[in-house]
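Structural description and commentary
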Amino acid sequence: MSLIKRNEANWLPSVFDDMFKTDWLGGTTNVNSIGTSIPAVNIQETEDNFSVEVAAPGKTKEDFNIELDNDVLTISSEEKKENETSEKNGRYTRKEFSYSTFKRAFSLPDSVDSEKISASYKDGVLIIELPKREEAKVQAKRMIEIS
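So, here is what we can say about the structure in this document. (Residues numbered from 1 in each chain as written. Predicted model: local features only at pLDDT ≥ 70, side-chain atom pairs only at ≥ 80, totals over all residues. Heavy atoms only, no water.)

1. Digging into the sheet that holds strand 1 (residues 41-45)
- Strands sit in the order 1-2-7-6 across an open sheet of four strands; the sheet is antiparallel. If you trace the sheet from one side to the other, it starts and ends with strand 1 and strand 6 (118-122), each paired once. Strand-to-strand twist in this sheet, taken as the mean axis angle between neighbours without regard to direction, amounts to 15 degrees.
- Of the strand pairs in this sheet, strand 6 and strand 7 (residues 125-131) are connected by five bridges, and their pairing is antiparallel. Bridge pairing links Lys122 to Val125 in strand 7. (Pairing = 2+ DSSP bridges. Helix = DSSP H or I, 4+ residues; strand = E, 2+ residues; numbered from the N terminus. Axes fitted to C-alpha atoms, helices over the stretch in contact; angles between N-to-C directions.)

2. Here's the deal with the pattern of salt bridges
- The full count for this structure, using the stated rule, is two salt bridges.
- Between Glu45 and Lys132 there is a salt bridge; the shortest N-O distance is 2.6 Å. One end of the pair, Glu45, is in strand 1; the other, Lys132, is in the segment after strand 7, with 87 residues separating them in the sequence.
- Of the residues examined, Lys132 reaches a relative accessible area of 9% and is grouped as buried.
- Residue Asp113 is joined to Lys116 by a salt bridge in which the shortest nitrogen-to-oxygen separation is 3.8 Å. (Salt bridge = Lys/Arg side-chain N within 4 Å of Asp/Glu carboxyl O. Buried < 20%, exposed > 50% of the residue type's maximum accessible area, 1.4 Å probe, protein only.)

3. Re unusual backbone geometry
- Notably, Asp71 is not glycine yet its phi reads approximately 60 degrees, a positive angle.
- Mapped onto the secondary structure, Asp71 falls in the loop between strand 3 (64-69) and strand 4 (72-82).
- Positive phi values are uncommon outside glycine, yet Asp123 reaches one of about 55 degrees.
- The topology assignment puts Asp123 in the loop between strand 6 and strand 7.

4. What to know about the environment of Glu135
- By the secondary structure assignment, Glu135 is in the segment after strand 7.
- When the C-alpha atoms of Glu135 and Ser111 are compared, they prove to be 8.0 Å apart, with 24 residues separating the residues in sequence.

5. Section: the nonpolar core
- In terms of nonpolar packing, the biggest core is built from 14 residues, with Val52, Val54, Ile75, Leu126, Ile128 and Leu130 touching the most fellow members.
- Broken down by secondary-structure element, the contributors of at least two residues to this core are strand 2 (49-55), strand 4, strand 5 (97-107) and strand 7.
- Those residues in contact with Ile128 that sit more than four places away from it in its chain are Phe50, Ser51, Val52, Ile66, Leu73, Ile75, Ile117, Ser118 and Ala119. (Core = buried A, V, L, I, M, F, W, Y, C linked by side-chain atoms within 4.5 Å. Contact = heavy atoms within 4.5 Å.)

6. What about the environment of Asp113?
- By the secondary structure assignment, Asp113 is in the loop between strand 5 and strand 6.
- Of the residues examined, Asp113 reaches a relative accessible area of 15% and is grouped as buried.
- Once the C-alpha coordinates of Asp113 and Pro131 are considered, the two residues, 18 residues apart in sequence, prove to be 5.7 Å apart.

Just geometry here; none of it tells us what the structure is for.
Structure (structure tokens):
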């Protein structure tokens, strides 16, 4: 446990945080971030569409779930890895495995044509194209005659 001065109002949660974040062998870890990684996202708007780019190297297109529900676009992924060992005579003091997950949700504007959304994955970047409805695209400048 760390020797941090506690505020009388919130000392209990801090004590539990210290207890669960301290490794049995003396190290510390951030328990809240184990298994969670939030990939960087770029969103670009052009006259015709929005483009969402998600940085996710090392994954395959099968690792992603993309859902659209009530104009909310949700991108998620889950990956589990465990190293098999065949050691029969020893006891583990630590055996680590990998579990990573993320979920991002975006509210789509009314201008997106949800029937034409498409996605692709290339070179570690998931790209989701969100085309705009025809009526939402920027119209060319024109002169209007007065009658």
